[in-house]
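Summary of the model geometry
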Amino acid sequence: AMARLTRRSTLGLAGALTLGGAARAQQPWPTRTVTIIVPFAAGGPTDTVARLVAEAMGRNLGQTVVVENAGGAGGTIGAQKVAMARPDGYTLLLHHIGMSTTPTLYRRLAYDPVNGFETIGLVTEVPMTLVAKKDFPANTLQEAIAVIRRERDNLNYANAGIGAASHLCGLLLMKAVDTPMTTVPFRGTGPAMQELLSGRVDLMCDQTTNTTEQINSGAIKVFNVTTESRVPALPNVPTSAEGGLPDFQVTVWHGLYAPKGTPAPVVQRLSQALQAALRDERLVARFAELGTTPVAQERATPEAHRRFWQADIAKWRPIIQAAGQYAD
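Residues numbered from 1 in each chain as written. Predicted model: local features only at pLDDT ≥ 70, side-chain atom pairs only at ≥ 80, totals over all residues. Heavy atoms only, no water.

**Remarks on the nonpolar core**
Across soluble globular proteins, nonpolar side chains show a tendency to be buried alongside one another. In this structure, Val53, Met57, Phe117, Phe136, Leu203, Phe223 and Leu274 are the most contacted members of the largest nonpolar core, which totals 82 residues. Phe223 has contacts with Leu130, Ala132, Phe136, Ala138, Asn139, Thr140, Leu141, Ala144, Leu203, Val237 and Pro238, leaving out every residue within four places of it along the chain. Ala192, Leu196, Ile215 and Val225 belong to the second largest nonpolar core, which has 15 residues in total. (Core = buried A, V, L, I, M, F, W, Y, C linked by side-chain atoms within 4.5 Å. Buried < 20%, exposed > 50% of the residue type's maximum accessible area, 1.4 Å probe, protein only. Contact = heavy atoms within 4.5 Å.)

As structure tokens, this is what we get:
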């Protein structure tokens, strides 16, 4: 009798497990925590955007979305981690404009910087500002261009290293004014800003998320925003076109990615959650304080994101090749 009882309970347990498995299979994705990898240090502009997005997406998905920082090598360490992750939608990448420049800046990578990912949607385009130390001898973009052309051998342009948004913005500026400057790379925009505030470097181009407070306090000078229209957080700052440099346009756009091969329904669900996050009142309010806005809903889709990304890769390729500075 004992043996029979044991066998029956084992069958019962197996049956329960099978049912449990079937019930579990029917549960809508996601059933556990989702991780967004940011390929930069905590506290930087991309990290700030990612944490707001993670919190809002988590509310829509009904699961916690955590941010993990995997910085280094111009964002390629974190990107590689996601490209090589299991394509199940639980490991995502939030990266900026570097996704457009990596394919040209790096000649040898352990992952495919374009075909290693599924696009989920665009998040935001952060405007950039051309700023200078407090006592820089110019007050308008036209005056600044004249100083750059006259004093180019004596000027230092600060950036956060090859491939950083500040580096790309500098390349575009030098192309637009047809004048090279000495560039001084730092480990991040934080240290670069400190040098600008202390007057040890002359010029820098950085995101409004990093410069708005310093501009409004009068600690640094500003010449323009690098967008088509003025930025609400800096209403008195002219655009590049208003300042006479219509070609000097660049935004630090951010996008969300999954590893190549992630199932289409999961990618679609993530895109829905991203669209909901970008309508989230708390996120919109915080973005506004940082001098940016979420992209329009139709741009937070996999298709729109991929089209925009491909066009941006094509835009930056000749600029980087002409500069001849590679990251490897």
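**Thoughts on the environment of Val237**
Along the chain, Val237 turns up in the loop between strand S8 (221–225) and strand S9 (251–259). The class of Val237 is buried, set by a relative accessible area of 7%. Spatially, the C-alpha atoms of Val237 and Tyr111 are 41 Å apart, while their sequence positions differ by 126 residues. With residues up to four places along the chain from it excluded, the contact list for Val237 reads Val222, Phe223, Asn224, Val225 and Arg230. (Helix = DSSP H or I, 4+ residues; strand = E, 2+ residues; numbered from the N terminus.)

**Topic: the pairing of S8**
Counting buried positions along S8 gives five out of five residues, so the element sits mostly inside the fold. The pairing of strand S4 (residues 117–132) with S8 spans four bridges and is antiparallel. What sits directly across from Thr129, in S8, is Val225. (Pairing = 2+ DSSP bridges.)

**Some thoughts on the environment of Val67**
With respect to the secondary-structure elements, Val67 resides in strand S2 (residues 65–69). A relative accessible area of 16% means that Val67 is categorised as buried. When the C-alpha atoms of Val67 and Thr91 are compared, they prove to be 10.0 Å apart, with 24 residues separating the residues in sequence. If we skip the residues at most four places from it in the chain, Val67 touches Ile36, Val38, Asp47, Ala50, Arg51 and Ala54.

**Thoughts on the packing of helix H2 (residues 45–61) against helix H9 (residues 264–279)**
One way to put it is that H2 packs onto H9 with a least axis distance of 8 Å and a crossing angle of 115°. For H2 against H9, the interelement crossing comes out right-handed. Side by side, H2 and H9 meet where Val53, Ala56, Met57, Asn60 and Leu61 of the first sit next to Arg269, Leu270, Gln272, Ala273, Leu274, Ala276 and Ala277 of the second. Of the residues contributing to the contact of H2 with H9, the split by class is nine nonpolar, two polar and one charged. (Axes fitted to C-alpha atoms, helices over the stretch in contact; angles between N-to-C directions. Left-handed = near helix turned anticlockwise from the far one by under 90°. Nonpolar A, V, L, I, M, F, W, Y, C, P; charged D, E, K, R; others polar.)

**Concerning the environment of Gly244**
Residue placement: Gly244 occurs in the loop between S8 and S9. By relative accessible area, which is 40% here, Gly244 ends up partly exposed. Spatially, the C-alpha atoms of Gly244 and Phe186 are 29 Å apart, while their sequence positions differ by 58 residues.

**Observations concerning the side chain of Thr104**
Within the secondary structure, Thr104 is located in helix H4 (residues 98–105). Note on Thr104: relative accessible area 7%, which makes it buried. The residues touching Thr104, leaving out its near neighbours within four places in the chain, are Arg317, Ile320, Gln321 and Tyr326.

**Observations concerning the pattern of salt bridges**
Counted by the stated rule, this structure contains 13 salt bridges. The closest approach of N and O atoms between Lys133 and Asp202, which form a salt bridge, is 3.0 Å. In this pair, Lys133 sits in the loop between S4 and helix H5 (141–151) while Asp202 sits in the loop between helix H7 (189–197) and strand S7 (203–207), placing the two residues 69 residues apart along the sequence. For the residue pair Lys133 and Asp202, the accessibility class agrees, reading buried in each case. When the shortest N-O distance is used, the salt bridge between Arg150 and Glu151 registers 3.7 Å. Residue Arg150 is classed as exposed on the basis of its relative accessible area of 57%. Salt bridges sharing partners connect three or more residues here, namely Glu55, Arg59, Asp280 and Arg282. (Salt bridge = Lys/Arg side-chain N within 4 Å of Asp/Glu carboxyl O.)

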